[in-house]
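# Report on the structure
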Amino acid sequence: MTRAPVLVTGLPRSGTSWTGKMLAAGGDLVYVNEPLNPQHPPGRCPGVLRAEVTHRFQYICDDNAATWLPAFRDTVALRYRWLSEVRANHSPYDLARLVRYGTAFTLGRLAGRRALLDDPFAVLSAGWFARRLGCRVIALVRDPVSFVASWQRLGWTVHFHELLEQPLLVRDHPGLLELRALVGSQDRIAKAAALWRATRSILARTPGILITSYESLAADPLPRFRDLYDHAGLSWTPAAERRILRACTGPSAPGRGFAWSGLSRTAYRPMDSRRALRDAARGLTPEDAARVRALTAT
């Protein structure tokens, strides 16, 4: 089996937490939640990643790798920086999280486990993770209508200046300059659709990654996750199959489709994945859905 670390990425609300948890169900991986998230928690934890995140969707490439490469080499090697974490974060919650992550890193390293990074904020840097860190990268892409509907239900929007203020990102992906027209816009549907389209275009041109449809996983989880286990070089065991079956076919509690809780601060919840597909466009009118299709058409 390969010893390569695994990165699961994709835009937020594309199923990265769910997919990461299902890959970790086999016991070969140590789950690391969103080290590039600029919000604390789950990000800004130097015990996990000893580097300063300055933007959402931080762009990492060879030209700015002097800081990022050694930091992520520590992360994927499961070397936890205890002292750095204590210096930066010392609330009771932070200390509990330190114990959980520090113990998981240490025991995982001793047991020969690999790191699994679940990080939607790495989506624009996926190629770098594959090339420089040797990650097996799985990039989740969700149907655009479902994606925009999910952001609408949560009241989320995107601030494109966070992308456009990264010169290396714009240099390598000049098509992002088209997003300038939406800076300051209050049209959340148009902005989410534009983010989906721009990200999908970048992923399609990124070598060394596996692009996977969220809908294909949700519709038929066992065979599709077995394919991902093969891609990541993971052992497909009866225990992993049972855990995935239980997590993907159980009832979803009303109102619990998204919540931040627990020390990992992940949005993952057990669910009936096929039923979740039927509800995916909830919150958009037929006219809104048609507009999203038009805005994201290639």
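To keep things clear, this report deals only with the structure shown in the data block. Just so it is clear, the model here is predicted, and its values are computed rather than measured.

Reading guide: rules and limits
Residues numbered from 1 in each chain as written. Predicted model: local features only at pLDDT ≥ 70, side-chain atom pairs only at ≥ 80, totals over all residues. Heavy atoms only, no water. Core = buried A, V, L, I, M, F, W, Y, C linked by side-chain atoms within 4.5 Å. Buried < 20%, exposed > 50% of the residue type's maximum accessible area, 1.4 Å probe, protein only. Helix = DSSP H or I, 4+ residues; strand = E, 2+ residues; numbered from the N terminus. Contact = heavy atoms within 4.5 Å. Axes fitted to C-alpha atoms, helices over the stretch in contact; angles between N-to-C directions. Left-handed = near helix turned anticlockwise from the far one by under 90°. Nonpolar A, V, L, I, M, F, W, Y, C, P; charged D, E, K, R; others polar. Salt bridge = Lys/Arg side-chain N within 4 Å of Asp/Glu carboxyl O. Polar contact = N/O pair within 3.5 Å; in protein donor to acceptor, adjacent residues only side chain to side chain.

## Remarks on the nonpolar core
Ranked by size, the top nonpolar core spans 66 residues in total, and within it Leu36, Trp68, Phe72, Trp128 and Phe129 carry the most contacts. By residue number, the principal contributor to this core is helix α9 (residues 188–204), which donates ten residues. Sequence-distant contacts of tryptophan 128, defined by excluding residues within four places in its chain, comprise Ile60, Cys61, Asp62, Ala65, Trp68, Leu69, Phe72 and Leu133. Formed by 25 residues, the second largest nonpolar core is a distinct cluster that contains Val6, Leu29, Ala218 and Phe225.

## Examining the packing of α9 against helix α14 (residues 286–296)
Orientation of α9 relative to α14, taken along the N-to-C sense of each, is 35°, at an axis distance of 9 Å. In terms of crossing hand, the pair formed by α9 and α14 is right-handed. Across from Ile189, Ala190, Ala193, Trp196 and Arg197 in α9, the residues of α14 making contact are Asp288, Arg291, Val292, Leu295 and Thr296. Taken together, the residues of the contact of α9 with α14 break down into six nonpolar, one polar and three charged.

## A word on the pattern of salt bridges
Tallying each qualifying case throughout the model produces eleven salt bridges. With a closest N to O distance of 4.0 Å, arginine 56 and glutamate 162 form a salt bridge. Placement of the pair is arginine 56 in the loop between β2 (29–33) and α2 (65–76) and glutamate 162 in helix α7 (residues 161–164), with a sequence separation of 106 residues. Residue arginine 56 is classed as partly exposed on the basis of its relative accessible area, which comes to 31%. The class for glutamate 162 is buried, based on a relative accessible area of 16%. As a salt-bridge pair, arginine 171 and aspartate 63 come within 2.7 Å of each other at their nearest N and O atoms. Here the residue arginine 171 occupies a position in helix α8 (residues 167–172), and aspartate 63 occupies one in the loop between β2 and α2, the gap between them amounting to 108 residues. Classification of aspartate 63 as exposed rests on a relative accessible area of 54%. Among the charged side chains, a salt-bridge network with shared partners connects Asp62, Arg131 and Arg132.

## Points about helix α6 (residues 144–154)
The buried count for α6 comes to eight of eleven residues, which makes it a mostly enclosed element. Within the sequence span of α6, burial applies to Pro144, Val145, Ser146, Phe147, Val148, Ala149, Ser150 and Trp151. Lining the buried residues of α6 we find α9, α10 (214–219) and α14. Structurally, the start of α6 carries an N-cap: the backbone nitrogen of valine 145 is 3.1 Å from a side-chain oxygen of aspartate 143. Phi for glycine 155, located one or two positions after α6, is positive at around 70°.

## Side note on unusual backbone geometry
At the junction of histidine 40 and proline 41, the peptide bond is cis and its omega measures out at -15° in the coordinates. Here the bond from proline 41 into proline 42 is cis, since omega is 10°, no more than 30 degrees from zero. Its location among the elements puts proline 42 in the loop between β2 and α2. One non-glycine residue, phenylalanine 57, adopts positive backbone phi at about 55°. With a relative accessible area of 6%, phenylalanine 57 lands in the buried category. For leucine 78, which is not glycine, the phi dihedral falls at a positive 60°. Following the sequence through the fold, leucine 78 ends up in the loop between α2 and α3 (82–88).

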